[in-house]
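Listed below, chain by chain, are the residues.
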Amino acid sequence: MDTLKERLQSDLTTAMRERDLTRTATLRMALTAISTAEVAGKQARQLSDDEIVAVLTKEAKKRREAADAYRDGGRAESAAAEEAEAEIIAEYLPEPLTEEELSSLVDEAIAEAGAESPRDMGKVMKLLTPRVAGRADGKTVAAAVKNRLA
């Protein structure tokens, strides 16, 4: 089984052969972000697939936010380009959680933490965050926990 980084590199080669400019540029950007994360810190290292997913999630979020900003500024073409990049990156991310799946994970974490009030939100989030990493937005998770504990 190939690592996620190897899959990205292989897909980049394929996109270059097919002259798919958007996919080529997006995959290059993603690999650059991964390389930057690998050399960040005191010592260079190889990122695990989970860490790569975190980097790609951050990059996809940047693209969605940029698309919203372009749309608000009346630049539909630029917004469409950013959305296209976000969709390409999303192909390499795990399947997002459905509302039902998120709800059941929140319930499990609340039960496990013994949380009873909004003051216990930190305990629940500490348990829940690793379980939903890359599959749900932090704001969405926090809102679901807050609604349950309120």
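Residues numbered from 1 in each chain as written. Predicted model: local features only at pLDDT ≥ 70, side-chain atom pairs only at ≥ 80, totals over all residues. Heavy atoms only, no water.

Asker: Got a minute to help me understand the overall build of the protein chain in this structure?
Answerer: Each helix and strand in the protein chain was counted, giving 7 helices and 0 strands. Element order for the protein chain, N to C, with α for helix and β for strand: α-α-α-α-α-α-α. On the principal axes, the C-alpha backbone points of the protein chain span a range of 55 × 40 × 30 Å. Put simply, the protein chain has 150 residues, and 33% of those count as buried. Sequence separation of at least 24 residues holds for 55% of the intrachain contacts in the protein chain that already meet a minimum separation of 6. In the form shown here, the protein chain has an accessible surface area of approximately 9700 Å², with 51% of it arising from carbon and sulfur atoms. (Helix = DSSP H or I, 4+ residues; strand = E, 2+ residues; numbered from the N terminus. Buried < 20%, exposed > 50% of the residue type's maximum accessible area, 1.4 Å probe, protein only. Contact = heavy atoms within 4.5 Å. Areas by Shrake-Rupley, 256 points an atom, 1.4 Å probe, with all protein chains shown as cover.)

Asker: I'm lost on the pattern of salt bridges in this one. Help?
Answerer: Once their charged atoms are close, side chains differing in charge can pair, the charge on each being opposite to the other. All chains considered together, the criterion is met by 14 salt bridges. Residues Lys5 and Glu38 are paired through a salt bridge, measuring 2.9 Å at the closest nitrogen-oxygen approach. Here Glu38 lies in helix H2 (residues 21–39) and Lys5 lies in helix H1 (residues 4–17), a separation of 33 residues in the sequence. Here Lys5 falls in the buried class, since its relative accessible area comes to 14%. The closest approach of N and O atoms between Arg23 and Glu91, which form a salt bridge, is 2.9 Å. Here the residue Arg23 occupies a position in helix H2, and Glu91 occupies one in the loop between helix H4 (76–90) and helix H5 (99–113), the gap between them amounting to 68 residues. Overlapping salt bridges bring together Glu59, Lys62, Arg63, Glu82 and Glu85 as one network. (Salt bridge = Lys/Arg side-chain N within 4 Å of Asp/Glu carboxyl O.)

Asker: Any chance you could explain the packing of H5 against helix H6 (residues 121–132) here in plain terms?
Answerer: To describe two helices that pack against each other, one gives the angle between their axes and the distance between the axes. Two numbers describe how H5 lies on H6: the axes approach to 9 Å, and their chain directions differ by 140°. Of the possible angle classes, the one that applies to H5 and H6 is oblique. Considering how the two elements wind past one another, H5 and H6 form a crossing that is right-handed. Contacts between H5 and H6 involve Leu102, Leu105, Val106, Glu108, Ala109, Ile110, Glu112 and Ala113 on the former and, on the latter, Lys123, Val124, Leu127, Leu128, Arg131 and Val132. Taken together, the residues of the contact of H5 with H6 sort by class into 10 nonpolar, no polar and 4 charged. (Axes fitted to C-alpha atoms, helices over the stretch in contact; angles between N-to-C directions. Parallel < 35°, antiparallel > 145°, perpendicular 65-115°, else oblique. Left-handed = near helix turned anticlockwise from the far one by under 90°. Nonpolar A, V, L, I, M, F, W, Y, C, P; charged D, E, K, R; others polar.)

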